[in-house]
Amino acid sequence: MLEILDPIEIADFRVAVILKEGDGTPAIAVICQNLGQIELGWIETGDAPIPWRAAAYRALEQCLGRVLPIFSYEDLFNEISIYYWDGETDDERARQSLIAYHGADADELDELTLPSEMNARRPEWMIKENAAPSARLPSGLRQKLKRFHAAHKAVGSLRPERNAWDFDLEVAYDYIPGIEECSSLPPLTLVPFDHFARELDDVARNGMEMGFMEVAGLCPLRDAHHIDDWFASVRLGAEFLLAAQELIQVDPAKL
């Protein structure tokens with residue numbers, strides 16, 4: 001396991017064997033030990049063209065959840081909407097919710113976050129409409145994205161019962177006592193903290209107190225010979241994460 005996971009830098013994992021209460025069926029859990037924003041390198045801080053950066057970010061946003069316990073901007077927006085605006089997503093309805101359910105003074109609404117203001121804070125590379133189509137990307141970036149998507153597809157083709165990276169909450173209830181008391185929020189995010197510090201702090205508060213949903217995968221092993229399939233799936237997940245890492249660490253000047 002150390003040999004397989006050691007090259008991965010964007011996340012740290014530990015692996016635990018757990019016995020099911022009652023019949024003692026073993027399972028192997030892959031647990032993410034990181035907390036916070038994944039560093040996005042050139043995508044977040046570089047000066048490469050916005051369409052390139054948006055294309056890379058969009059790919060990560062769409063695919064990383066296959067292996068990592070991670071939430072996106074859309075997830076954050078939905079959490080904030082439920083927490084502050086009673087599920088509303090337009091400014092006028094959100095204003096009414098703030099007044100009716102949170103006791104906000106109408107004169108103070110300009111000081112509170114509204115949906116349009118939150119969306120407006122997204123940097124251009126976070127907006128999916130800004131992502132360039134593959135044909136308009138440099139060949140080097142196209143190749144990185146092609147490898148990334150191929151690795152994502154390979155993990156997705158695994159049978160759930162033999163997949164080290166599959167996570168079913170109902171199965172987890174049988175193996176991990178107290179997991180139902182944890183926050184449903186994953187510990188990792190692709191949302192840049194510099195732009196959404198207040199919102200991230202708000203949604204993470206319960207996780208900081210009760211624990212995050214940090215399990216990347218939980219695989220029951222009902223037969224001993226399934227362990228070979230489990231190791232094979234671990235390798236595929238590691239290859240996928242390495243492809244993501246390579247995409248994040250690429251030098252855009254060499255594309």
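About the cut-offs
Residues numbered from 1 in each chain as written. Predicted model: local features only at pLDDT ≥ 70, side-chain atom pairs only at ≥ 80, totals over all residues. Heavy atoms only, no water. Axes fitted to C-alpha atoms, helices over the stretch in contact; angles between N-to-C directions. Helix = DSSP H or I, 4+ residues; strand = E, 2+ residues; numbered from the N terminus. Parallel < 35°, antiparallel > 145°, perpendicular 65-115°, else oblique. Left-handed = near helix turned anticlockwise from the far one by under 90°. Contact = heavy atoms within 4.5 Å. Nonpolar A, V, L, I, M, F, W, Y, C, P; charged D, E, K, R; others polar. Pairing = 2+ DSSP bridges. Core = buried A, V, L, I, M, F, W, Y, C linked by side-chain atoms within 4.5 Å. Buried < 20%, exposed > 50% of the residue type's maximum accessible area, 1.4 Å probe, protein only. Phe/Tyr/Trp six-rings, centres within 6.5 Å; stacked < 30°, edge-to-face > 60°.

> I'd like a description of the packing of helix H3 (residues 50-63) against helix H10 (residues 226-249), backed by residues and values.
Between H3 and H10, the shortest axis-to-axis distance is 11 Å and the interhelical angle comes to 155°. As summarised for this structure, H3 and H10 are arranged roughly antiparallel, according to the angle between their axes. At the point where H3 passes H10, the crossing takes the left-handed sense. Taken together, the residues of H10 that come into contact with H3 (itself represented by Ala56, Leu60 and Cys63) are Phe240, Ala244, Leu247 and Ile248. Among the residues making up the contact of H3 with H10, the classes are represented as 7 nonpolar, no polar and no charged.

> Provide a residue-level description of the sheet that holds strand E6 (residues 215-220), including the pertinent values.
Note on sheets: strands pair through backbone hydrogen bonds, and any given pair is parallel or antiparallel. If you walk across this open sheet you meet the 3 strands as E1-E2-E6, and the pairing is antiparallel. Looking at the sheet topology across the chains shown, the edges are occupied by strand E1 (13-19) and E6. Direction aside, the axes of adjacent strands within the sheet are offset by 15° on average. Judged from the 5 bridges that link them, strand E2 (residues 26-32) and E6 form a sheet pairing that is antiparallel. Within E6, the residue paired with alanine 27 across the bridge is proline 220. Against the sheet, H10 makes contact with E1, E2 and E6, and its axis sits at roughly 10° relative to E2, the strand it touches most.

> Could you give an account of the nonpolar core, naming the residues involved and the relevant values?
Ranked by size, the top nonpolar core spans 68 residues in total, and within it Phe13, Leu60, Leu64, Leu68, Leu76 and Leu241 carry the most contacts. A total of 9 residues in this core trace back to one element, the largest contributor, which is H10. Ignoring any residue separated from it by four or fewer positions in sequence, one finds leucine 68 in contact with Ala11, Phe13, Ile38, Leu188 and Leu241. One finds Ala27, Ile31, Ile179 and Leu218 within the second-largest nonpolar core, a separate group that totals 12 residues.

> So what about the environment of leucine 221? Which residues, and what values?
Position of leucine 221 among the secondary structure elements: in the loop between E6 and H10. The buried category is assigned to leucine 221, whose relative accessible area is 12%. Each C-alpha atom of the pair leucine 221 and aspartate 91 lies 50 Å from the other, and the pair is 130 residues apart in sequence. Beyond its immediate stretch of four places on either side in the chain, leucine 221 contacts Thr25, Pro26, Ala27, Ile28, His226, Ile227 and Trp230.

> Describe the packing of H3 against helix H7 (residues 139-156), and please don't skip the residues or the numbers.
For any two helices packed against each other, one specifies the inter-axial angle together with the distance between the axes. Across the interface, H3 lies against H7 with an axial gap of 11 Å and an inter-helix angle of 5°. The angle between H3 and H7 falls in the class roughly parallel. Taken together, the residues of H7 that come into contact with H3 (itself represented by Trp52, Ala55, Ala56, Ala59, Leu60 and Cys63) are Leu141, Leu145, Phe148, His149 and His152. A class-by-class count of the residues in the contact of H3 with H7 yields 9 nonpolar, 2 polar and no charged.

> Which residues make up the packing of aromatic side chains, and what values do they have?
Taken as a whole and judged by the stated rule, the model has 8 aromatic pairs. A centroid spacing of 5.1 Å and a plane angle of 25° characterise the contact between phenylalanine 148 and phenylalanine 240, whose relative ring orientation is stacked. Taken as a pair, phenylalanine 148 in helix H7 and phenylalanine 240 in helix H10 lie far apart in primary sequence, 92 residues in all. On the accessibility criterion, phenylalanine 148 (0% relative accessible area) is buried. Looking at phenylalanine 240, the relative accessible area reads 0%, which means it is buried.

Any functional reading would require information beyond the geometric quantities listed.
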